[in-house]
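Architecture at a glance
Residue-level listing of the chains:
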Amino acid sequence: MPEHCPPALFGKRIKLRCLEERDAPALLELYGDPEVMRYWCHGPWRTLNEAKAAIAEAHKEYAEGSSLHLVIEHLEQATLIGSCALYGMVAQERRATVGYLLSRSYWGQGYLKEALCVLLDYAMAELKINRIEAEVRPGNMASCKALKAVGFKAEGYLRERWLVGGAPCDVVLYALLHRDWRARGEYSSGAAFTRF
Ligand SMILES: CC(C)(COP(=O)(O)OP(=O)(O)OC[C@H]1O[C@@H](n2cnc3c(N)ncnc32)[C@H](O)[C@@H]1OP(=O)(O)O)[C@@H](O)C(=O)NCCC(=O)NCCS
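What counts as what
- Residues numbered from 1 in each chain as written.
- Predicted model: local features only at pLDDT ≥ 70, side-chain atom pairs only at ≥ 80, totals over all residues.
- Heavy atoms only, no water.
- Salt bridge = Lys/Arg side-chain N within 4 Å of Asp/Glu carboxyl O.
- Buried < 20%, exposed > 50% of the residue type's maximum accessible area, 1.4 Å probe, protein only.
- Helix = DSSP H or I, 4+ residues; strand = E, 2+ residues; numbered from the N terminus.
- Core = buried A, V, L, I, M, F, W, Y, C linked by side-chain atoms within 4.5 Å.
- Contact = heavy atoms within 4.5 Å.
- Phe/Tyr/Trp six-rings, centres within 6.5 Å; stacked < 30°, edge-to-face > 60°.

1. What to know about the pattern of salt bridges
Taken as a whole, this structure holds nine salt bridges when the rule is applied. For Glu 20, the salt bridge goes to Arg 22, with nearest N and O atoms at 2.5 Å. Taking relative accessible area as the criterion, Glu 20 reaches 22% and is therefore assigned partly exposed. Each member of the salt-bridge network shares a partner with another, and the members are Arg 17, Asp 23 and Glu 73.

Quick look at the structure:
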């Protein structure tokens with residue numbers, strides 16, 4: 001565990017909390033599903049070691065201040081249903097990139113929008129991030145719709161931005177600014193979402 005684990009963040013139905021070693025099997029199930037990973041920047045995981053290595057890497061990056069990886073837990077069911085992260089954090093520019101994925105049985109029920117609202121509010125209010133970017137493969141309609149629904153704007157089409165399994169892939173760059181978020185009236189002090 002990192003020395004200072006970030007606080008848990010709460011939505012109505014979900015909780016975002018720090019990754020723990022015990023999450024490795026559930027993460028493998030999530031990142032090992034080829035359908036979930038269809039538009040991801042790398043192929044599905046195959047081994048528990050990949051999950052354990054990713055958790056260790058997340059803790060290292062958190063300690064360095066370059067990322068914040070959280071799992072999405074269903075409050076009532078007390079089960080891990082997804083993960084989300086702010087990564088590539090650049091303090092000087094107050095900028096970060098957001099990434100997320102949900103277990104297939106939880107798609108299409110608004111869980112991502114709920115998780116994004118909690119994470120974005122924390123990022124803007126508490127971490128003082130000014131610009132949050134997202135890179136999405138053009139065919140990933142669910143992801144594009146969810147980003148637009150919370151206020152992201154498409155800014156550009158980046159040709160062959162990713163290499164997935166050696167194959168070049170185009171992505172659409174989305175971004176949300178602090179002032180966009182404030183203008184939507186979503187911005188809070190962050191305190192409403194946080195329970196230690
Ligand atoms: C992207 C993802 C997290 C979206 O989660 P979700 O729970 O379906 O999202 P939400 O329920 O909040 O809905 C998002 C919107 O997309 C729509 N949607 C959901 N699945 C869709 C699909 N297959 N095709 C088109 N639209 C879809 C929803 O109806 C909703 O639109 P609305 O705002 O008009 O109602 C989920 O599909 C997922 O985990 N995908 C695999 C991982 C991934 O691709 N991550 C993103 C990488 S950039």
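2. What about unusual backbone geometry?
If you check the backbone angles, Ala 78 has positive phi at about 45° while not being a glycine. Structurally, the position occupied by Ala 78 is in the loop between strand 3 (68–74) and strand 4 (79–90). For Glu 160, which is not glycine, the phi dihedral falls at a positive 50°. By secondary structure assignment, the location of Glu 160 is in strand 7 (residues 153–164). Under the relative-accessibility criterion, Glu 160 is labelled exposed at 55%.

3. A short note on the nonpolar core
Within the largest apolar cluster, 37 residues are counted, with the highest numbers of intra-cluster contacts made by Leu 16, Leu 86, Val 98, Ile 132 and Phe 152. For this core, the secondary structure elements donating two or more residues are strand 2 (14–18), strand 3, strand 4, strand 5 (95–102), helix 3 (111–125), strand 6 (131–136), helix 4 (141–149) and strand 8 (167–177). Setting aside residues no more than four positions away along its own chain, Leu 16 makes contact with Pro 7, Ala 8, Leu 9, Leu 70, Val 71, Ile 72, Cys 84, Ala 115, Val 118 and Leu 119. Counting 16 residues, the second largest nonpolar core, distinct from the first, contains Ala 24, Leu 28, Val 71 and Leu 101.

4. A look at the packing of aromatic side chains
A complete count under the given rule lists three aromatic pairs for this structure. Ring centres 4.3 Å apart and planes at 15° place the aromatic pair Tyr 31 and Trp 45 in the stacked group. Residue Tyr 31 is found in helix 1 (residues 24–31), and its partner Trp 45 is found in the loop between helix 1 and helix 2 (48–64); the two are separated by 14 residues along the sequence. Of the two residues, Tyr 31 and Trp 45, both sit in the buried class. Ring plane angle 75° and centroid distance 5.8 Å describe the contact between Tyr 106 and Tyr 111, whose orientation is recorded as edge-to-face.

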